[in-house]
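One letter stands for each residue in the lines below.
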Protein chains: 4
Amino acid sequence: MTDTRITHWINGSALPGGSRSQPVYNPATGQAVAEVALADTATVQTAISAAQAAFPAWRNTPPLKRARVMSQLKVLLEQHSDEICTLITREHGKVLADAAGELQRGIENVEYASYVPELLKGEHSRNVGPGIDSWSEMQPLGVAAGITPFNFPAMVPLWMWPMAVACGNTFVLKPSERDPSSALRIAQLAEEAGLPPGVLNVVQGDREAVDALLTDPRVKAVSFVGSTPIAEYIYAQGCKNGQRVQALGGAKNHAVVMPDADIANAVSALMGAAYGSCGERCMAIPLIVAVGDQTADRVIAGLKEQIAAMKVGPGTQAACDMGPLVTQAHRDKVRAYVDQGVAEGADLIVDGRGLVVPGHEQGYFLGPCLFDRVKPGMVIYREEIFGPVLGVVRVASLQEAMALIDAHEYGNGTCIFTRDGEAARYFTDHIQIGMVGVNVPLPVPVAYHSFGGWKRSLFGDLHAYGPDAVRFYTKRKTITQRWPSAGVREGAVFSFPSSR
Amino acid sequence: MTDTRITHWINGSALPGGSRSQPVYNPATGQAVAEVALADTATVQTAISAAQAAFPAWRNTPPLKRARVMSQLKVLLEQHSDEICTLITREHGKVLADAAGELQRGIENVEYASYVPELLKGEHSRNVGPGIDSWSEMQPLGVAAGITPFNFPAMVPLWMWPMAVACGNTFVLKPSERDPSSALRIAQLAEEAGLPPGVLNVVQGDREAVDALLTDPRVKAVSFVGSTPIAEYIYAQGCKNGQRVQALGGAKNHAVVMPDADIANAVSALMGAAYGSCGERCMAIPLIVAVGDQTADRVIAGLKEQIAAMKVGPGTQAACDMGPLVTQAHRDKVRAYVDQGVAEGADLIVDGRGLVVPGHEQGYFLGPCLFDRVKPGMVIYREEIFGPVLGVVRVASLQEAMALIDAHEYGNGTCIFTRDGEAARYFTDHIQIGMVGVNVPLPVPVAYHSFGGWKRSLFGDLHAYGPDAVRFYTKRKTITQRWPSAGVREGAVFSFPSSR
Amino acid sequence: MTDTRITHWINGSALPGGSRSQPVYNPATGQAVAEVALADTATVQTAISAAQAAFPAWRNTPPLKRARVMSQLKVLLEQHSDEICTLITREHGKVLADAAGELQRGIENVEYASYVPELLKGEHSRNVGPGIDSWSEMQPLGVAAGITPFNFPAMVPLWMWPMAVACGNTFVLKPSERDPSSALRIAQLAEEAGLPPGVLNVVQGDREAVDALLTDPRVKAVSFVGSTPIAEYIYAQGCKNGQRVQALGGAKNHAVVMPDADIANAVSALMGAAYGSCGERCMAIPLIVAVGDQTADRVIAGLKEQIAAMKVGPGTQAACDMGPLVTQAHRDKVRAYVDQGVAEGADLIVDGRGLVVPGHEQGYFLGPCLFDRVKPGMVIYREEIFGPVLGVVRVASLQEAMALIDAHEYGNGTCIFTRDGEAARYFTDHIQIGMVGVNVPLPVPVAYHSFGGWKRSLFGDLHAYGPDAVRFYTKRKTITQRWPSAGVREGAVFSFPSSR
Amino acid sequence: MTDTRITHWINGSALPGGSRSQPVYNPATGQAVAEVALADTATVQTAISAAQAAFPAWRNTPPLKRARVMSQLKVLLEQHSDEICTLITREHGKVLADAAGELQRGIENVEYASYVPELLKGEHSRNVGPGIDSWSEMQPLGVAAGITPFNFPAMVPLWMWPMAVACGNTFVLKPSERDPSSALRIAQLAEEAGLPPGVLNVVQGDREAVDALLTDPRVKAVSFVGSTPIAEYIYAQGCKNGQRVQALGGAKNHAVVMPDADIANAVSALMGAAYGSCGERCMAIPLIVAVGDQTADRVIAGLKEQIAAMKVGPGTQAACDMGPLVTQAHRDKVRAYVDQGVAEGADLIVDGRGLVVPGHEQGYFLGPCLFDRVKPGMVIYREEIFGPVLGVVRVASLQEAMALIDAHEYGNGTCIFTRDGEAARYFTDHIQIGMVGVNVPLPVPVAYHSFGGWKRSLFGDLHAYGPDAVRFYTKRKTITQRWPSAGVREGAVFSFPSSR
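Not measured: the values here are computed from a predicted model.

A.B. asks: Would you explain the relation of the copies chain A and chain D in this entry?
C.D. replies: One copy of the chain maps onto the other through a rotation about an axis followed by a shift along the same axis. For the pair chain A and chain D, the best superposition has an RMSD of 0.0 Å and corresponds to a rotation of 180° with a translation of 0.0 Å parallel to the axis. Such a combination of rotation and displacement between the chain copies is what one expects of a two-fold axis. Using C-alpha coordinates, one finds that chain A approaches the rotation axis most closely at Tyr115(A), a distance of 2.9 Å. A share of 98% of interface residues in chain A that are also interface residues in chain D marks the association as one of identical surfaces.

Structure, rendered in structure tokens:
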């Protein structure tokens, strides 16, 4: 047990919250490092009220001023980078370098939010009819909410609220209760950067908090990132209550390796994509689709060699490539998937199940695992494992690879390794996936493009961050204006002031 | 009973459809003029299958070719204008000039859909990282569906499917079963214009057809226009099934008249806005908010005079300003609202309840009604009447007028009549309404802007037609591309075959 | 001599023009087919005056109405296609299929101009400061002028004036005096389509007309396409007189063929790019840069075979691939280049100098010529020949090919034939050329992108047609608006008349 | 004489420059405070060479990294604000608060340049033809140059080079030789912020330096702000040498005051617009056009009262509203204009010619002057005085006011004071002026819009800063790409590598 209590942040103050709470663990040690409050409905409503109250003044603040808070936040995040990364690693487990990468991506979203005077420009048309003008304004919605997952505790919140508030909204964020500290700290820095109290509120919590957000009529928009079943629930519930919702779910991203690819380069790229952050990323690559047996053999040989050199241990050790999984339960679940893959008949080439990290025996570690001859029917092919388990599927042609990808229920990311322009073009054009890489294993769009999957990886129509986020966090107002003539131009009204 | 059977249009052929059907009436005579098939689930699924089958080829057709079908359709619609307007008036009742206005607005949406090569442009970024490029493509969704209301039987379908198919989707349209003929005829013209069979399908039907569209996983997007309760149902059901949905509902649009307005001009403008098409428009003005009693008195005096000069009769008579309501049941419902207004204590200044149109005694006519001293608590203030009933509310200030508007559940359109720049700016900035007119009574955005209300007038995030429709009918694909160096540039790889 | 007199078209009427004139020849026969008037300064000024007079009303015509004239012109151009192509072939010489291709490209520019309501949208910003709004409007300039070359007598004028007039300008066009009839006919069709008289005026003429356009202060913008020396003159003179000018000049486009290219495909593509329209295109490919001797040998073998199958003759004969050159003088000049190439030491693999077309001995024909081993120092490498003369340069690497291209004074177009993604990306990123093809020999941008070269191929900053043309033919007006408070919102000013 | 020598800044180092130099004066004291080097042609060429050498690496630096240098520069400018403002006031004379305002506007341009990843996005079109894609890239030009005026020594350079370098260009800046220190200091801060040496170079100089920039073929673009005769010269010379040029010249901005305006508010606004920075601003208001004599009388009464309260003295004194003019020669020239206005018959209501600032008798001071009954024929009406001299013109109607404005040779800015929406709309639509204010006296566009006048106030087509600057500092490259099929998709090539 620990003395540290992770609170809510409402209207510019830390609030201890209701009676319920639960421990937050350091996955590298298995020890509880803090106790996080779990908001009851009333606490969430308090946060929403604070956001609602802060809205009118913030909405009327010129976009340029709102943008400058984002610029200043960027400076503060860079200054507090080490502190935030330490929080991420302590609660999530990922290695510090990876935490720094996550934070950097998050900062880029803050940076993009600082462009908001440009991004909010509406369209103006003179003379839509004789003497009639029309233009659009992208006005803020009011209170928006974000519900974010454990795997990117700093970055995913930064996908959401900076653009939401830059657009003039106020916000209630519910970060993951597994690793809530970095998002909370960033919220405090945002106020230091100039965000008025109440504009951004953080509630710690679980399903009760989520439901309170989904049912409150003052919450106009909900952004969610998590697993597909929850995403579907959020989308259905929020929409039923009249909210606009974007709900990002799970993934099972396939990397196609063509025979003409630079195999050494592809293998290096795929190592990080498969095992980085223990595979706990919705853009991770858990499946390689090798076109041709020779390709498969070469890829596997390369992977084996590189896996052998990997170092697994606590995220705070600079030399480590991979840390622990997020919780004991999750580690056990991933290990069970590996057991099942073996049972289903896949070839377990590298078995990480026996890994023990000396001095961290209670940590939630699992070594990297590699399967060959994974088949589409297997559970380890179909389901999102979210662990350091990479499978190779062997196919005979690009068409066969693409048919597999398109048949899968998820549609988040994919990539192809090739030198061939035609293969790349055909793949990027036709594949039914939202984010596509060509020789790029993790095609996460940069902050000035938008992030989103297809099929059951995203519910809604607008993607996360980038240009789509501007549209999601605003409502269009279209104005049509005509000034009837009263003789102003002829001066009849005005021309004899002396006798008026 | 009639011999004319209004069929489905699936895969380029008229299909008689299932066993159920119902009559379509001419509201000016009260006579059935046709029998419309009502699709069962299987028929809807056949239409979806046709659309699904037509998708791959249509999706691969270059946007410019798709655009040209729209250009050609525009030409055909202009050529067949009289025929289509006759169908509208026969089944809906509106006067022919109004039908022509409706069709013209619809044509403008076809025109905008013909700009699609420009509208589909994605964003390209060279060097998002060293040697890495990223760009977005707006790809079609697959099968989209539209469910449209009786009040604009030609226009509202043209808000939807032209842009949907121009973007590369295929479509299933379910028009209103009260006046389905014009949409059907236009679908046939679209094929004459070059649309391949199966790209646009029309199913006639009622709730069974709607539910079949909402539950079919092949339908990726649903656009709806109708009443708010149905819009909510559509939004909740479609989203529950993972579809993207835009659902436009009811309205109660207020027109504010300021003391400095050009009253004569305002009155003329409001006459058409209140009584045009019997008030059966979601952008109609059923409420005038007069600022100051003197303003109210002048407005009412002007309205009385102009109402006295109105001519009500069958829509086919050129001299008529207003035709019948759409059905007997609706006429009776509107009449009951007038009764209720009187009972609630509003002043019925002009009473149209007794109107008889000679020679059309069975027609669903109701004369124009005008209430003064309507109060916010009254049912006739709160509910959408969708009939020729105009009410005047008296307030003391612009702030009071705006408070009323913002407190109403609907947020479709509103307008202000004034000469004052400050009043116009304050109103347009702050009012919680999606479409705002300044001295424009019906601020329906032109086709190259987008249409949509706020609050309970629209569920979803993207508005109808215009730029938002392009986003609604496409899904974003973001591609990130890198070509690893293999020494190409030095030519080492390639130059060896010769001995230079 | 001929009876046909080609006139000016000013203010909606054919004007015979001044005292000077010159014959127009049919290059296939060497016979004069018409006499074209040559405008004196006064005639040009009359045209400018007509344009100036037509400007105010046209500028105030809503963009949508202007756009519809373009839509209607498109319909008329398709209907009169055969007639226009006949005029092109008769005066220019190109084969009819090529004339049809030219006209089609021109029509696409008319089509793009019809999108102008979308393209003219300005940018609107609410709250650039507290209570202050700002927006931009792209307003027309007034009178614009176009000076166009002989080689695309229909298309290049359509690059210019449709967008100029769609943006609200009026226009004076001076087509080439060698083949002026198609542009004149199209101007007449434009008025049939609804363009008011004076909005588009055509003056036939030579340098006197050009100078009259460049020195008249009422002409605000000049678009020119022609040779580089004249482009420089136009740019210097127009700018000296305060006009905005875009002046497109000459080209010497290189096609790089990589060893991994599909050679058969490349050869077929390059045949048309080199010899189509006798090479009289600023996007023609007169130079192939083969990487590796083996590549060169294979390309040359393929070209020889296909050249042997080419048919040269009058453009009106359907079987012909290539017609005559435009004038006798130009044919002689091109032939002299071939002589010089031989003298300089290039290998003349195919010699077209001796070609005689039976029955058309007076036509300005020259057979296709092919040089191997062209070197950068040679005149036939450096200068734009504008004839059916193709040269092959042999290099050892892509880097060497690119160094050649970048060292050349022209920068219009180039292309690379390869299958390799890296080669394509490196080439497109770094090459100092405005229009770049990857496996596309003539990378002429489609009408919804813009056309323009770099280096000495274009003077000015905005390219021709597409989005850049909208900017070129408009001037930006930025409006900043604030309404000081006079208590309107409280209603104090307005409510007093009544005693409520 | 002074010991301080103001040097060039080339390739990251201060260079003393050639043999020529001249003093820089403090206008408040009339004392020389520094000696500025005047570059000879060789020095300018050295700077261009440095810029040329820095270009390839800078061009290949990802836009996001270039943007971050701008973000960092913004931070440094804010930190060094006092230092820079002191330099401005010492050499230019304006009061410190005004210098701070200038710098703030300049910083906003740096801020906008930091959005460049968004601003550089090109347009991407999939399937411009079957299997053919096309996209545009906005690539940098190479070396660009800026020549800037004395009146905004910090801001106008910041209009230019930050966007130029953010777009990937390198730059040579020649600030005004009268007050060169602030621009030089900012250049040094830019390198501190991360700009590599050679990317931004500053040459001090006069006409020799200007001519060296205009004639060097390595300089691709020239931006100029100054007087109209010089702007014309720059435009003609640069264009003659094939450069792209935007040259902003003089102004004579009229403010229209309508009878319904809030006169007190208008007078306060106009005081600053007329006398701020001694009227040495191209957006200053030297002319008020009062509609109606009563309006004129009220405006003049208000102005007289406020002028009487003005305090003129050294810019370093916090209480001062207005400092000295920039040079003795300029002060004398302005004074001569006042003499001439009296001679021409205008009513000199307030005469500032006799002003003596105690303790600063050698300073270049002139008190505020106010003329009534200025007429269009007078020299003080026609010419840009660039001093604290305000004239009132009396007219009878808005039409008359607009006719005056449109007849004037300059077209930079204008404004109207009114409450009437129709007057504002008619004025903003029709007036032939590039920047228009409604109740805003100095309608300088914010940094995310663009700055530019019409008529003889700007030569070129693209305006300064904002979106237009992105287009000006880039050249469009359009790529058209097709990958011919080699059976990749069928897998024939790749699918059986083992047996190949």
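A.B. asks: I would appreciate a short explanation of the side chain of Asn253(D) in the present structure.
C.D. replies: Residue and element names in this part refer to chain D. Structurally, Asn253 can be placed in the loop between β12 (244-248) and β13 (254-257). There is a polar contact of 2.8 Å between the side chain of Asn253 and the backbone oxygen of Cys282. Among the polar contacts made by the side chain of Asn253, one reaches the main-chain amide nitrogen of Gly413 at a distance of 2.8 Å. Beyond its immediate chain neighbours, meaning those up to four positions away, Asn253 contacts Cys282, Met283, Ala284, Ile285, Pro286, Leu287, Asn412 and Gly413.

A.B. asks: What's the story with the pairing of strand β8 (residues 143-147) of chain A in this structure? I'm lost.
C.D. replies: A regular strand places its side chains on the two faces of the sheet in alternate fashion. Residue and element names in this part refer to chain A. Counted residue by residue, β8 has five buried out of five residues, so it is predominantly covered. The alternating pattern of β8 places Val143, Ala145 and Ile147 and Ala144 and Gly146 on opposite faces, both of which are buried. In this structure, β8 lies alongside strand β9 (residues 170-174), joined through five bridges in parallel fashion. Across the sheet, Gly146 pairs through a bridge with Leu173, a residue of β9. The β-α-β motif built from β8, the intervening helix α6 (residues 155-166) and the parallel element β9 has right-handed crossover chirality. The pairing of β8 with strand β11 (residues 219-225) spans five bridges and is parallel. In the sheet register, Val143 faces β11, and the bridge partner there is Val219.

A.B. asks: Which parts of the structure should I look at to understand the interface of chain A and chain D?
C.D. replies: Accessible area lost when the parts come together is the quantity often used to give the size of an interface. Between chain A and chain D, the residue contacts involve 54 residues of the former and 55 residues of the latter. Taking both partners together, chain A and chain D bury about 4500 Å²; carbon and sulfur atoms supply 57% of that area. The tally of links from chain A across to chain D stands at eight salt bridges. Among the secondary structure elements, those contributing two or more residues to the side of chain A that touches chain D are α2 (63-79), α4 (96-113), α5 (116-119), β6 (122-129), β7 (132-140), α14 (398-407) and α15 (421-430) of chain A. No other element matches α15(A), which puts seven residues into the side of chain A that touches chain D. Tallied by class, the residues present in the side of chain A that touches chain D amount to 22 nonpolar, 16 polar and 16 charged.

A.B. asks: I would appreciate a short explanation of the domain arrangement of chain A in the present structure.
C.D. replies: Residue and element names in this part refer to chain A. Per the domain assignment, the segments of chain A are domain 1 (5-249 + 457-479) and domain 2 (254-438). A C-alpha centroid distance of 31 Å is found between domain 1 and domain 2. Residue-level contacts link 19 residues of domain 1 with 24 residues of domain 2. Here domain 1 and domain 2 share an interface that buries about 1800 Å² over both sides, 60% of which is from carbon and sulfur atoms. When residues of domain 1 are sorted by the area they lose upon contact with domain 2, Ala28, Val95 and Ser457 head the list and together hold 26% of the total.

A.B. asks: For this particular structure, what's the right way to read the interface of chain B and chain A?
C.D. replies: Counting residues at the interface gives 65 residues for chain B, matched by 65 residues for chain A. Here chain B and chain A share an interface that buries about 5400 Å² over both sides, 49% of which is from carbon and sulfur atoms. Looking only at chain B, the three residues that lose the most surface to chain A are His449(B), Asp461(B) and Arg476(B), adding up to 12% of its buried area. Where chain B meets chain A, there are six salt bridges. Salt-bridge contacts for Asp429(B) lead to Arg59(A); the nearest nitrogen and oxygen are separated by 3.1 Å. Across the chain B-chain A interface, the total number found is 40 residue pairs in polar contact (both at pLDDT 80 or more). Here the element with the most residues in the side of chain B that touches chain A is strand β23 (residues 474-482) of chain B; it accounts for eight residues.

About the thresholds
Residues numbered from 1 in each chain as written. Chains lettered and ligands numbered in written order. Predicted model: local features only at pLDDT ≥ 70, side-chain atom pairs only at ≥ 80, totals over all residues. Heavy atoms only, no water. Least-squares fit on C-alpha atoms with pLDDT ≥ 70 in both. Contact = heavy atoms within 4.5 Å. Helix = DSSP H or I, 4+ residues; strand = E, 2+ residues; numbered from the N terminus. Polar contact = N/O pair within 3.5 Å; in protein donor to acceptor, adjacent residues only side chain to side chain. Buried < 20%, exposed > 50% of the residue type's maximum accessible area, 1.4 Å probe, protein only. Pairing = 2+ DSSP bridges. Right-handed = clockwise from strand over helix to strand, strands pointing away. Buried area = accessible area lost by both parts, 1.4 Å probe. Salt bridge = Lys/Arg side-chain N within 4 Å of Asp/Glu carboxyl O. Nonpolar A, V, L, I, M, F, W, Y, C, P; charged D, E, K, R; others polar. Domains from an automatic or database assignment.

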